[in-house]
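In case you want the letters, here they are:
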Amino acid sequence: MSDQNTAAQTPVPTAAEVFAGRTAVITGASSGIGAGLARHAASLGMKLVLADIAADRLAAFAEELRATGAEAEAVVTDVSDPASVEALADTAYTRFGSVDLLVNNAGIMAMGYSWEIPAARWDAMLRINIGGYVNGIRAFVPRMLERGEKAWIVNVSSVGGLLPSPLMAPYSVTKFGTLALSESLHYEMQMKGAPIQVSVVTPGSVKSEIFKAARPGESEPPEIAAFNEQLQQLADEHGLTPEEHAERVFEMVAEGKYWAIPQPEQLFPALQPRTDMILAQENPQLRLGG
């Protein structure tokens, strides 16, 4: 009984208590979800290594954070290139001595019918959205294991990693893949008895430019443009700000959660019917707009 009472009274650590003074590496850090995570990490007192392929935007963002007193190193990185990610790790460890938190976040979007999306775009999404995460794991996990101290790996997936969507096949494929990669890595850390926590994030609608950046051209079928506009409107009207999203994520990770689901109200109402459909072996039915 006393053990149960002690467990019940054990306070849940806050993100500030867990992460203050530690070092984070964040990919895709100069905009959207990545920038929100970086800003919140800075507010927690973390030292930052910011990775992005957009050099000018990354430099400006790092300078913005430094102006608030944060220690921030900007490293132009192509996450699809293993050598570039190894160089990122070298820079991070040279500058700060260790890396406590790796956030694999960099990703791109493409919209259209799966057979019409150009092969080059498919390849880019697989190399960046999945290959980039693999490269991050390969570059940082061995060093974390060698150090042997508490560390965190956070992979950003999406509600789209649990709910496939038409007209977004490459995105669905890569976000489903992120879930598989993350869970495999989680089990592997348990097999090794390693003090490395793996968490996977499933953002819902977050205010960003991701759908505007993926907006189809005028020659594309109108249903693609309409679907893109619907998703952008959902993000604009009901999405979290990147900073709100980041605060929720960091608190969940600090609590030790594998599933960092910042918007359960957007995921669970659709996830239960999907689960029931699979268990009943029913054919999927298209449902849009509700």
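Reference entry: report on the structure contained in this document. (Residues numbered from 1 in each chain as written. Predicted model: local features only at pLDDT ≥ 70, side-chain atom pairs only at ≥ 80, totals over all residues. Heavy atoms only, no water.)

**Things to note about the overall build of the protein**
Logical step 1: Across its full length, the protein carries eleven helices and seven strands.
Logical step 2: By the burial criterion, 47% of the 290 residues in the protein qualify as buried.
Logical step 3: Long-range contacts, defined as pairs at least 24 residues apart, comprise 71% of the intrachain contacts of the protein with a sequence gap of at least 6.
Logical step 4: A total accessible area of about 14100 Å² is found for the protein, and carbon and sulfur atoms account for 55% of it. (Helix = DSSP H or I, 4+ residues; strand = E, 2+ residues; numbered from the N terminus. Buried < 20%, exposed > 50% of the residue type's maximum accessible area, 1.4 Å probe, protein only. Contact = heavy atoms within 4.5 Å. Areas by Shrake-Rupley, 256 points an atom, 1.4 Å probe, with all protein chains shown as cover.)

**Some thoughts on the pattern of salt bridges**
Logical step 1: Under the counting rule described, the total for this entry stands at 13 salt bridges.
Logical step 2: For Arg 22, the salt bridge is made with Asp 100, and the minimal N-O distance between the two is 3.6 Å. Of the two residues, Arg 22 sits in the loop between helix H2 (15–19) and strand E1 (23–27) while Asp 100 sits in the loop between helix H5 (82–96) and strand E4 (101–104), which places them 78 residues apart along the sequence.
Logical step 3: Using a relative accessible area of 26% as the deciding quantity, one classes Arg 22 as partly exposed.
Logical step 4: The class of Asp 100 is buried, set by a relative accessible area of 5%.
Logical step 5: Overlapping salt bridges bring together Arg 22, Asp 100, Arg 147 and Glu 149 as one network. (Salt bridge = Lys/Arg side-chain N within 4 Å of Asp/Glu carboxyl O.)

**What to know about the pairing of E4**
Logical step 1: Burial along E4 is two-sided: Leu 101 and Val 103 facing one way and Leu 102 and Asn 104 facing the other are all buried.
Logical step 2: Here E1 runs beside E4; their pairing, made up of three bridges, is parallel. Of the residues in E4, the one forming a bridge with Ile 26 is Val 103.
Logical step 3: As paired strands, E4 and strand E5 (residues 151–156) are joined by four bridges and run parallel to one another. Residue pairing for E5: Leu 102 is matched across the bridge by Ile 153.
Logical step 4: Once you follow E4 into helix H6 (residues 119–147) and on to E5, the crossover reads as right-handed. (Pairing = 2+ DSSP bridges. Right-handed = clockwise from strand over helix to strand, strands pointing away.)

**Describing the sheet that holds E1**
Logical step 1: Here we have seven strands laid out as an open sheet, ordered E3-E2-E1-E4-E5-E6-E7, and parallel in their pairing. Strands at the two margins of the open sheet, each flanked by one partner only, are strand E3 (72–76) and strand E7 (259–260).
Logical step 2: Of the strand pairs in this sheet, E5 and strand E6 (residues 196–201) are connected by six bridges, and their pairing is parallel. In the sheet register, Ala 151 faces E6, and the bridge partner there is Ile 196.
Logical step 3: With respect to the sheet, helix H3 (residues 32–43) is in contact with E1, strand E2 (47–52), E4 and E5, its orientation differing from that of E2 by roughly 170°.
Logical step 4: Its contacts with the sheet put helix H10 (residues 242–254) on E4, E5, E6 and E7, and the angle it makes with E6 is roughly 145°. (Axes fitted to C-alpha atoms, helices over the stretch in contact; angles between N-to-C directions.)

**Some words on the packing of aromatic side chains**
Note on aromatic pairs: each is described by the distance of the centres and the angle between the planes.
Logical step 1: The full count for this structure, using the stated rule, is five aromatic pairs.
Logical step 2: Taking 4.9 Å as the distance between ring centres and 25° as the angle between the ring planes, the aromatic pair formed by Tyr 113 and Trp 115 counts as stacked.
Logical step 3: Residue classification places Tyr 113 among the partly exposed residues on the basis of a relative accessible area of 24%.
Logical step 4: Taken together, a centroid distance of 5.1 Å and an interplanar angle of 90° make the contact between Tyr 258 and Trp 259 edge-to-face.
Logical step 5: The exposure class of Tyr 258 is buried, given its relative accessible area of 13%. (Phe/Tyr/Trp six-rings, centres within 6.5 Å; stacked < 30°, edge-to-face > 60°.)

**Describing the nonpolar core**
Logical step 1: Counting 37 residues, the largest nonpolar core has Phe 19, Leu 48 and Leu 50 as the members making the most contacts within it.
Logical step 2: Where this core is concerned, the elements lending two or more residues are H2, E1, H3, E2, helix H4 (55–67), E4, E5 and H10.
Logical step 3: Excluding residues within four positions of it along the chain, Leu 50 makes contact with Ile 26, Ala 29, Ala 38, Leu 58, Phe 61, Ala 62, Leu 65, Ala 72, Glu 73, Ala 74 and Val 75.
Logical step 4: Val 85, Val 159, Leu 179 and Leu 267 belong to the second-largest nonpolar core, a separate cluster that totals 35 residues. (Core = buried A, V, L, I, M, F, W, Y, C linked by side-chain atoms within 4.5 Å.)

**Some thoughts on unusual backbone geometry**
Logical step 1: If you check the backbone angles, Leu 167 has positive phi at about 65° while not being a glycine.
Logical step 2: Positionally, Leu 167 belongs in the loop between E5 and helix H7 (169–192).
Logical step 3: Unusually for a residue other than glycine, Gln 281 sits at a positive phi of about 55°.
Logical step 4: By the secondary structure assignment, Gln 281 is in the segment after helix H11 (264–279).

**A word on H5**
Logical step 1: With 15 residues, H5 should cover 21 Å at 1.5 Å per step; its first-to-last C-alpha distance of 21 Å lies within 8% of that length.
Logical step 2: The complete set of buried residues in H5 reads Ser 84, Val 85, Leu 88, Ala 89, Ala 92, Tyr 93 and Phe 96.
Logical step 3: Where H5 is buried, its residues contact E1, E2, E3 and H6.
Logical step 4: The opening residue of H5 is Asp 81, an N-cap whose side-chain oxygen sits 3.1 Å from the backbone nitrogen of Ala 83.
Logical step 5: Two residues or fewer after H5 comes Gly 97, characterised by a positive phi angle close to 90°. (Expected span 1.5 Å × (residues − 1). Polar contact = N/O pair within 3.5 Å; in protein donor to acceptor, adjacent residues only side chain to side chain.)

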